[in-house]
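# Coordinate analysis (summary)
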Amino acid sequence: MSTARVVVVGSANADVVVDVDHRPADGETVLGSDAVVSPGGKGANQAVAAGRLGGRVAFVGCVGDDANGQMLRASISGAGVDVTALRTVDVPTGTAIILITPDGENSIVVAPGANRRVDEAMVEDLEWERGDVLVVQLEIPLPTVTHLVPRAHRAGARVVVNAAPAAPLPRDVLQAADPLVVNESEADLLLGRTAGLQGEDGVVRELLDLGPRSVVLTLGARGAVLAERDRNGAVRTVHVAAHRVTAVDTTGAGDAFVGALSLGLAQGEPLDQAVTRATAVAAHAVGRRGAQDSYPTADELSGSTP
Ligand code: ADP
């Protein structure tokens, strides 16, 4: 098994989670449960997911000089992730306000805070070895992503671009993505659609036409579809079914998926195999409360089938 690194450059947030009967409508106030604060943020989640599975993982990000920052640092390093490039800055740690409804679905507002400090200068000196896997998402400033991705790609890293939350991306970022990972609403936005997506197979092909070398579209309880082009330019799509689990809390499921997928790629797995493992890891994550707290270790993953 290869020992290539997974380097996650991204956000770290304190998740403030409140259970509600329903999401508030315009002008409505809803009384919820007591708030529970736990470590989250797409970047930190992805790093922790890969770290817990036993990967060689580094996290590049920023937290504030506060209790939430300490909580995040402990969670990320506790997963075995290298936090040498996790900076403490003089801005509050990013915060996500998460409402969870009884069906396990969530609605999220993010206050970026320290994540805004993950700037171009911070990623300028990162060094890449061939085979490294760089993972980015879009909860850090977009110029950081557009600066970093083409450079890392040219230096020989494989780049996993998780376009979440969705934002239009420049062509050189899309072209470096291998894969581009999006959920259905993110795909909708990248493809400029408003009426909801139809036909998963067609959607992944359209996403591939945006320039990435490969695409993974996640479909919640329906699993994921991947698409890649062979040497002759022919497109191959594969559907991987989700595991059947009772959804307790879907927060961070997509991040668990991206973290596990990236680790698989760093370990030399073909995309299909990495997606299959990511699906199993994400199933664990939806079956337990929290984001990072819900991610399985390699032993937990092999010891049970959720
Ligand atoms: P996001 O969390 O980014 O919105 P998805 O909802 O598509 O992304 O979920 C990501 C992955 O998590 C899916 O591809 C699937 O493998 C897994 N997953 C999500 N929801 C469920 C569920 N209810 N049951 C089983 N697996 C799920």
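Data block above holds the structure.
What counts as what
- Residues numbered from 1 in each chain as written.
- Predicted model: local features only at pLDDT ≥ 70, side-chain atom pairs only at ≥ 80, totals over all residues.
- Heavy atoms only, no water.
- Pairing = 2+ DSSP bridges.
- Helix = DSSP H or I, 4+ residues; strand = E, 2+ residues; numbered from the N terminus.
- Axes fitted to C-alpha atoms, helices over the stretch in contact; angles between N-to-C directions.
- Salt bridge = Lys/Arg side-chain N within 4 Å of Asp/Glu carboxyl O.
- Buried < 20%, exposed > 50% of the residue type's maximum accessible area, 1.4 Å probe, protein only.
- Core = buried A, V, L, I, M, F, W, Y, C linked by side-chain atoms within 4.5 Å.
- Contact = heavy atoms within 4.5 Å.
- Expected span 1.5 Å × (residues − 1).
- Near = heavy atom within 4 Å.
- Polar contact = N/O pair within 3.5 Å; in protein donor to acceptor, adjacent residues only side chain to side chain.
- Areas by Shrake-Rupley, 256 points an atom, 1.4 Å probe, with all protein chains shown as cover.
- Nonpolar A, V, L, I, M, F, W, Y, C, P; charged D, E, K, R; others polar.
- Arc of directions from axis to C-beta.
- Left-handed = near helix turned anticlockwise from the far one by under 90°.

## Some points on the sheet that holds strand 6 (residues 94-100)
Strands sit in the order 3-2-6-7 across an open sheet of four strands; the sheet is mixed. Whereas interior strands pair on both sides, the edge strands pair on one side only; in this sheet they are strand 3 (36-40) and strand 7 (106-111). Averaged over all neighbouring strand pairs, the angle between strand axes comes to 25 degrees, with direction disregarded. Where strand 2 (residues 13-19) lies against strand 3, five bridges are found, and the strand directions are antiparallel. Note that in strand 3 the partner of V16 across the bridge is V37.

## Remarks on the pattern of salt bridges
Within this structure, the stated rule accounts for 12 salt bridges. R289 is paired through a salt bridge with D19; the nearest N and O atoms lie 3.4 Å apart. Placement of the pair is R289 in the loop between helix 9 (271-286) and helix 10 (298-303) and D19 in strand 2, with a sequence separation of 270 residues. The salt bridge involving R117 is made with D90; its shortest N-O contact spans 2.9 Å. Placement of the pair is R117 in the loop between strand 7 and helix 3 (120-124) and D90 in the loop between strand 5 (86-89) and strand 6, with a sequence separation of 27 residues. A residue is classified by how much of its surface remains accessible, and R117, at 35% relative accessible area, is partly exposed. The network of salt bridges with common partners includes E184, E200 and R222.

## Description of the nonpolar core
Ranked by size, the top nonpolar core spans 46 residues in total, and within it F59, I76, V216, F257, L261 and V275 carry the most contacts. Elements represented by at least two residues in this core include exactly strand 1 (6-9), helix 1 (42-52), strand 4 (57-64), helix 2 (67-78), strand 8 (133-136), strand 12 (224-229), helix 8 (253-266) and helix 9. Excluding anything up to four places from it in sequence, V275 contacts V216, A224, L226, V240, F257 and L261. V118, M122, V159 and V182 belong to the second largest nonpolar core, which has 42 residues in total.

## With respect to helix 2
Each α-helix winds once per 3.6 residues, and so residues spaced three or four apart point in a common direction. An ideal rise of 1.5 Å per residue puts 16 Å on 12 residues; helix 2 measures up with 16 Å between its terminal C-alpha atoms. Contact partners of the buried residues in helix 2: strand 2, strand 3, helix 1, strand 4 and strand 5. Of the residues flanking the end of helix 2, it is G80, one or two places downstream, whose phi is positive at about 85 degrees.

## Considerations on the site of the ligand
Near the ligand there are 16 residues, and of these N183, T218, G220, G223 and G254 occur at the shortest range. Separating an oxygen atom of the ligand from a side-chain N or O atom of T218 is a distance of 2.8 Å. One of the backbone N or O atoms of G220 is found 2.8 Å from an oxygen atom in the ligand. Starting from 550 Å² of accessible surface for the ligand in isolation, the protein chains cover 82%. When contributions to the shell around the ligand are tallied by element, the ones reaching two or more residues are helix 8 and helix 9. Partitioned by chemical class, the residues of the shell around the ligand number nine nonpolar, seven polar and no charged.

## Things to note about the environment of A14
Relative to the elements of secondary structure, A14 occurs in strand 2. For A14, a relative accessible area of 0% translates into the label buried. Along the chain, A14 and A67 lie 53 residues apart, while their C-alpha atoms are 9.6 Å from each other. Once you skip the residues sitting within four places of it in the chain, A14 turns out to touch V37, S38, N68, M71, L72, T93, G94, T95 and A96.

## Structural notes on unusual backbone geometry
Looking along the chain, the bond that leaves A164 and enters P165 is cis, with omega of -10 degrees. Put simply, D178 and P179 share a cis peptide bond, and its omega is 10 degrees. Summarising the element assignment, P179 is placed in strand 10 (residues 177-183).

## Quick notes on helix 7 (residues 200-209)
Taken together, the buried positions of helix 7 are V203, V204, L207 and L208. Projected down its long axis, helix 7 carries its buried residues within an arc of 140 degrees, all on one side. Contact partners of the buried residues in helix 7: strand 10, helix 6 (184-190), strand 11 (214-218), strand 12 and strand 13 (235-240). Two residues or fewer after helix 7 comes G211, characterised by a positive phi angle close to 125 degrees.

## Focus on the packing of helix 8 against helix 9
Between two packed helices, the angle of one axis relative to the other and the distance separating the axes together describe the packing. Packing of helix 8 against helix 9 brings their axes to within 7 Å, and their N-to-C directions diverge by 145 degrees. Relative to helix 9, helix 8 is oriented so that their crossing is right-handed. Of the residues in helix 9, those in contact with A253, A256, F257, A260, L261, L263, G264 and L265 of helix 8 are L271, A274, V275, R277, A278, T279, V281, A282, A285 and V286. In terms of residue class, the contact of helix 8 with helix 9 is built from 15 nonpolar, two polar and one charged.

## Re the sheet that holds strand 10
Read across the sheet, nine strands follow the order 5-4-1-8-9-10-11-12-13 without closing on themselves; strand pairing throughout is mixed. Two strands lie at the open edges of the sheet, namely strand 5 and strand 13, each paired on one side alone. Adjacent strand axes in the sheet meet at a mean angle of 15 degrees, parallel and antiparallel pairs treated alike. Across four bridges, strand 10 lies against strand 11 in parallel orientation. Residue pairing for strand 11: V181 is matched across the bridge by V216. The strands touched by helix 8 are strand 1, strand 8, strand 9 (158-162), strand 10, strand 11 and strand 12; relative to strand 9, the strand with the most contacts, the crossing angle is about 170 degrees.

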